[in-house]
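Chains, contacts and geometry: an overview
Residue-level listing of the chains:
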Amino acid sequence: MTVKKIVEENIISLLKMDYLPLEKKAELLDKIEEVVTKSVLLRVRDAMSETKKAEFDKVLEKGADEDLQDFITKNVPGFLIILGEEIERIKKSMADSLK
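Residues numbered from 1 in each chain as written. Predicted model: local features only at pLDDT ≥ 70, side-chain atom pairs only at ≥ 80, totals over all residues. Heavy atoms only, no water.

**Let's talk about helix H4 (residues 65-75)**
Regarding H4, the residues found buried are Leu68, Phe71 and Ile72. Projected onto a plane normal to the axis of H4, the buried residues spread over an arc of 95 degrees and lie on a single side. In H4, the exposed positions that point more than 90 degrees away from the buried face belong to Glu66, Gln69, Thr73 and Lys74. Here the buried face of H4 lies against helix H2 (22-46), helix H3 (50-62) and helix H5 (79-97). (Buried < 20%, exposed > 50% of the residue type's maximum accessible area, 1.4 Å probe, protein only. Helix = DSSP H or I, 4+ residues; strand = E, 2+ residues; numbered from the N terminus. Arc of directions from axis to C-beta. Contact = heavy atoms within 4.5 Å.)

Here it is in structure tokens:
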């Protein structure tokens, strides 16, 4: 499942924004996905050794999603847990801001 799909299922419905036109919802999804992705990547990088950080940075510089996914699969055993935690954190933050 992609980050975008997870964001759509978890955050858009929480914020009750299913009513938005598809174009606006897609725009919002892109922005939230970017926030989630940056948050997850920062958290993953912070947990790495200096050597792995250097390798990770090179993969990020290349900008190839497939290479990034391969690196994460091989070097970040708890990635899906981290992803879930960051989505929950962002979801809670967004829900709290609506109160």
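**Quick word on the environment of Ala47**
If you trace the backbone, Ala47 turns up in the loop between H2 and H3. Judged by relative accessible area, Ala47 falls into the exposed class, the value being 67%. Placed 29 residues apart in sequence, Ala47 and Val76 show a C-alpha to C-alpha distance of 9.1 Å.

**Structural notes on the packing of H2 against H5**
Running from N to C, H2 and H5 cross one another at 130 degrees; their axes reach a closest spacing of 9 Å. Judged by the inter-axis angle, H2 sits oblique to H5. For the pair H2 and H5, the crossing hand works out as right-handed. Residues Ile32, Val35, Val36, Ser39, Val40, Arg43 and Val44 of H2 pack against Phe79, Ile82, Leu83, Glu85, Glu86, Ile87, Arg89, Ile90 and Met94 of H5. Counted by class, the contact of H2 with H5 contains eleven nonpolar, one polar and four charged residues. (Axes fitted to C-alpha atoms, helices over the stretch in contact; angles between N-to-C directions. Parallel < 35°, antiparallel > 145°, perpendicular 65-115°, else oblique. Left-handed = near helix turned anticlockwise from the far one by under 90°. Nonpolar A, V, L, I, M, F, W, Y, C, P; charged D, E, K, R; others polar.)

**Quick word on the pattern of salt bridges**
Overall, the coordinates contain ten salt bridges when judged by the stated rule. Two residues, Arg43 and Glu86, come together in a salt bridge whose shortest N-O distance is 3.0 Å. With a gap of 43 residues between them, Arg43 in helix H2 and Glu86 in helix H5 connect regions that are remote in the sequence. In this structure, Glu55 engages Lys52 in a salt bridge whose closest nitrogen and oxygen atoms are separated by 3.6 Å. Note that Glu55 and Lys52 are positioned in helix H3 at a spacing of three residues, about one turn of the helix. What makes Lys52 partly exposed here is its relative accessible area of 30%. Salt bridges sharing partners connect three or more residues here, namely Arg43, Glu85, Glu86 and Arg89. (Salt bridge = Lys/Arg side-chain N within 4 Å of Asp/Glu carboxyl O.)

**Brief notes about the environment of Phe56**
In this fold, Phe56 is placed in helix H3. Remark: the alpha-carbon pair of Phe56 and Val44, spanning twelve residues in sequence, is separated by 9.6 Å. Setting aside residues no more than four positions away along its own chain, Phe56 makes contact with Leu41, Arg45, Met48, Leu68, Phe71 and Ile72.

**Quick look at the packing of H2 against H3**
Helices that pack against each other are described as a pair by the angle of their axes relative to one another and the distance between those axes. Where H2 contacts H3, the axes come no closer than 10 Å and their chain directions differ by 150 degrees. Looking at the two axes, H2 sits roughly antiparallel to H3. Each of Leu41, Arg45 and Asp46 in H2 lies in contact with H3, whose residues at this interface are Lys53, Phe56, Asp57 and Leu60. Here the contact of H2 with H3 is composed, by residue class, of three nonpolar, no polar and four charged.

Just distances and angles here, no functional claims.
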